[in-house]
Amino acid sequence: METIGVKKNKEGEIWAIGGGKGGTGKTFITSSMGTYLAGKGKRIVLIDVDIGGANLHSFLGISRPKKSLSFFFEKGVPLSKLALKTGIGDMYLISGDIHSLASDSIKFTQKLKLFRHILKLNKQYVLIDLGGGSHKNTIDTFLIADKMIVVLEPEIIAIENMYHFIKNSLFRKLKMSLRSYGFKEIVEYMWESREKYKINNLNELIECLKNSFSHIGDILDKELSDFKIYLILNKVRSSQDIIIGSSIKSIFMKYLGVEAQFVGYLEYDNTIWRSIRERKPFMMNYGTSRSAKEIGTFTENILQGREIKHSRS
Ligand SMILES: Nc1ncnc2c1ncn2[C@@H]1O[C@H](COP(=O)(O)OP(=O)(O)O)[C@@H](O)[C@H]1O
Ligand SMILES: [Mg+2]
């Protein structure tokens, strides 16, 4: 797959965690999935690219690291040289800072260089904590991932934010893949004039493009099937909440034409925020708790590319 000019030809797998608004639990879940995978003996690197709020280290019980991504952007230090030992299995951390990726001061060429370095990291799993928001750089980083993971709270604003993020990501992916066929402007024009064409959503835009230009149908189908979204529902308080996972799947299919995987949920658990406040890695200290089991379950589901067992679609 090619996204903004970076080709993938590596063995490791990249997971990007993003899409939700702030506070949904992305960073906690990134650190916990990493710890779970490290416990299985996997070689992991976690990368923190959160805007202005780089705090992944705190979830691992590490004080603010001296080396961070700004060394890469400002001093040209190779990414692999910025990886710090976490003390948890074979897991490393590349810390972020205020010079975040989701900033206009990061130039296009720097972004491409970062992606090339990420793709070259010699690890089995690279987990990227993206933070919130729909900045173009955030979306492009999301799109280089093999597995695009969204952490969602069962709450209307979080759902709306996530939907916009995914819609914008898909639109950018389609535009970028059609660019080399000379279709980028046509896609943009059709979307901007969607009222005239009676297009209500991305799914209808895609259908309209396929009907008008049959030779790009296969490209669009491939892009859609490559667009793999994994949904995690966090801070669940009731069984009603869990149903939201399945509803979102249906919404993705209907309005975006995308097949999302609802991989699991994590209940609201006071032990989690307490352990974070005490700067103790949750999965190390409460590894046998129900929450830790839930984290293990959805991480396994992501690994295997399967859904939560009792999910209804
Ligand atoms: N399942 C949960 N139950 C209770 N508190 C949680 C849970 N998941 C996350 N939290 C709390 O929510 C806060 C925000 O989580 P964080 O991972 O920083 O969110 P984000 O990275 O999405 O902004 C954490 O400090 C933690 O206290
Ligand atoms: Mg965060």
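Residues numbered from 1 in each chain as written. Chains lettered and ligands numbered in written order. Predicted model: local features only at pLDDT ≥ 70, side-chain atom pairs only at ≥ 80, totals over all residues.

Peer 1: Explain the overall build of the protein chain to me, please; I cannot follow it from the model alone.
Peer 2: For the protein chain, the helix and strand inventory stands at 13 helices and 10 strands. On C-alpha atoms alone, the protein chain measures out to a radius of gyration of 19 Å, which is about the 20 Å that the 2.2 N^0.38 rule sets for 313 residues. Projected onto its principal axes, the C-alpha coordinates of the protein chain cover approximately 55 × 50 × 30 Å. For the protein chain, the proportion of its 313 residues judged to be buried stands at 43%. Here the analysis covers contacts within the protein chain between residues at least 6 apart in sequence; of these, 76% occur between residues at least 24 apart. (Helix = DSSP H or I, 4+ residues; strand = E, 2+ residues; numbered from the N terminus. Rg over C-alpha atoms; globule rule 2.2 N^0.38 Å. Buried ≥ 20, exposed ≤ 12 C-beta atoms within 10 Å, placed from the backbone. Contact = placed C-beta atoms within 7 Å.)

Peer 1: When you look at the environment of Gly132 in this model, what are you seeing that I'm missing?
Peer 2: Relative to the assigned elements, Gly132 resides in the loop between strand S7 (125-131) and helix H5 (136-144). Taking C-alpha positions, Gly132 is 27 Å from Leu220, a pair spaced 88 residues apart along the chain.

Peer 1: I would appreciate a short explanation of the site of ligand 1 in the present structure.
Peer 2: Among the 16 residues in the neighbourhood of ligand 1, the closest are listed as Gly25, Lys26, Thr27, Phe28 and Trp273. Counting residues per element, the ones that place at least two in the shell around ligand 1 are helix H1 (26-39), strand S9 (229-236) and helix H11 (270-277). Here the residues of the shell around ligand 1 sort into 6 nonpolar, 7 polar and 3 charged. (Near = placed C-beta within 6 Å. Nonpolar A, V, L, I, M, F, W, Y, C, P; charged D, E, K, R; others polar.)

Peer 1: Explain the nonpolar core to me, please; I cannot follow it from the model alone.
Peer 2: Nonpolar side chains tend toward joint burial in soluble globular proteins. Core analysis: the biggest nonpolar cluster contains 85 residues, and Ala16, Ile128, Ile149, Ile229, Leu231 and Ile232 have the highest contact counts within it. If sequence neighbours within four positions are ignored, Ala16 has contacts with Ile128, Leu130, Thr141, Phe142, Ala145, Met148 and Ile149. (Core = buried A, V, L, I, M, F, W, Y, C linked by C-beta atoms within 7 Å.)

Peer 1: Please clarify how the sheet that holds strand S6 (residues 91-94) should be interpreted in this entry.
Peer 2: The pairing of strands in a sheet comes from backbone hydrogen bonds and takes either a parallel or an antiparallel form. Read from one edge of the open sheet, 8 strands run S5-S6-S4-S7-S3-S8-S9-S10, paired in mixed fashion. Bordering the open sheet on either side are strand S5 (84-85) and strand S10 (260-267), each of which pairs with just one other strand. Its contacts with the sheet place H5 against strand S3 (13-18), S7 and strand S8 (147-152), and it is angled at close to 145° to S3. The sheet strands contacting helix H13 (residues 290-304) are S8, S9 and S10, and the helix crosses S10 at an angle near 170°. (Pairing = 2+ DSSP bridges. Axes fitted to C-alpha atoms, helices over the stretch in contact; angles between N-to-C directions.)

Peer 1: Quick question: what am I supposed to make of the confidence of the model for the protein chain here?
Peer 2: In regions of low pLDDT, the predicted coordinates are not meant to be interpreted in detail. Mean pLDDT over the protein chain stands at 90; residues scoring 70 or higher make up 93%. Within the protein chain, strand S1 (residues 2-3) has the poorest average pLDDT of any element, 51, and H13 the best, 98. (pLDDT = per-residue confidence, 0-100.)

Peer 1: When you look at unusual backbone geometry in this model, what are you seeing that I'm missing?
Peer 2: Across residues other than glycine, the phi torsion is negative in most instances, and most of the peptide bonds are trans. In this model, Lys198 sits at a positive phi of 55°, which is unusual for a non-glycine residue. Topologically, Lys198 is positioned in the loop between helix H7 (184-192) and helix H8 (202-212). According to the C-beta neighbour criterion, Lys198 is exposed, with 8 such atoms within 10 Å.

Peer 1: Would you explain the pairing of S7 in this entry?
Peer 2: A regular strand places its side chains so that they alternate between the two faces of the sheet. Burial of S7 is extensive: 7 of the 7 residues sit out of reach of the surface. In S7, alternate side chains face the same way, and those of Tyr125, Leu127, Asp129 and Gly131 on one face and Val126, Ile128 and Leu130 on the other are all buried. Direction of pairing for S3 relative to S7: parallel, over a ladder of 6 bridges. Following the sheet pairing, Glu13 is matched in S7 by Tyr125. Alignment of strand S4 (residues 44-48) against S7, held across 5 bridges, turns out to be parallel. Note that in S7 the partner of Val45 across the bridge is Val126.

Peer 1: I tried to follow the environment of Met162 on my own but got confused; where do I start?
Peer 2: The topology assignment puts Met162 in helix H6 (residues 156-179). Note on Met162: 24 C-beta atoms within 10 Å, which makes it buried.

Peer 1: How do you make sense of the pairing of S9 when you look at a structure like this?
Peer 2: With 8 of 8 residues buried, S9 lies mostly within the body of the structure. Here S8 runs beside S9; their pairing, made up of 5 bridges, is parallel. Each residue of the ladder has a partner; that of Val151, found in S9, is Ile232. When S9 meets S10, the two strands line up parallel, connected through 6 bridges. The residue bridging Leu231 from the neighbouring strand is Phe262, located in S10. On the question of chirality, the crossover connecting S9 to the parallel S10 by way of helix H10 (residues 239-256) is right-handed. (Right-handed = clockwise from strand over helix to strand, strands pointing away.)

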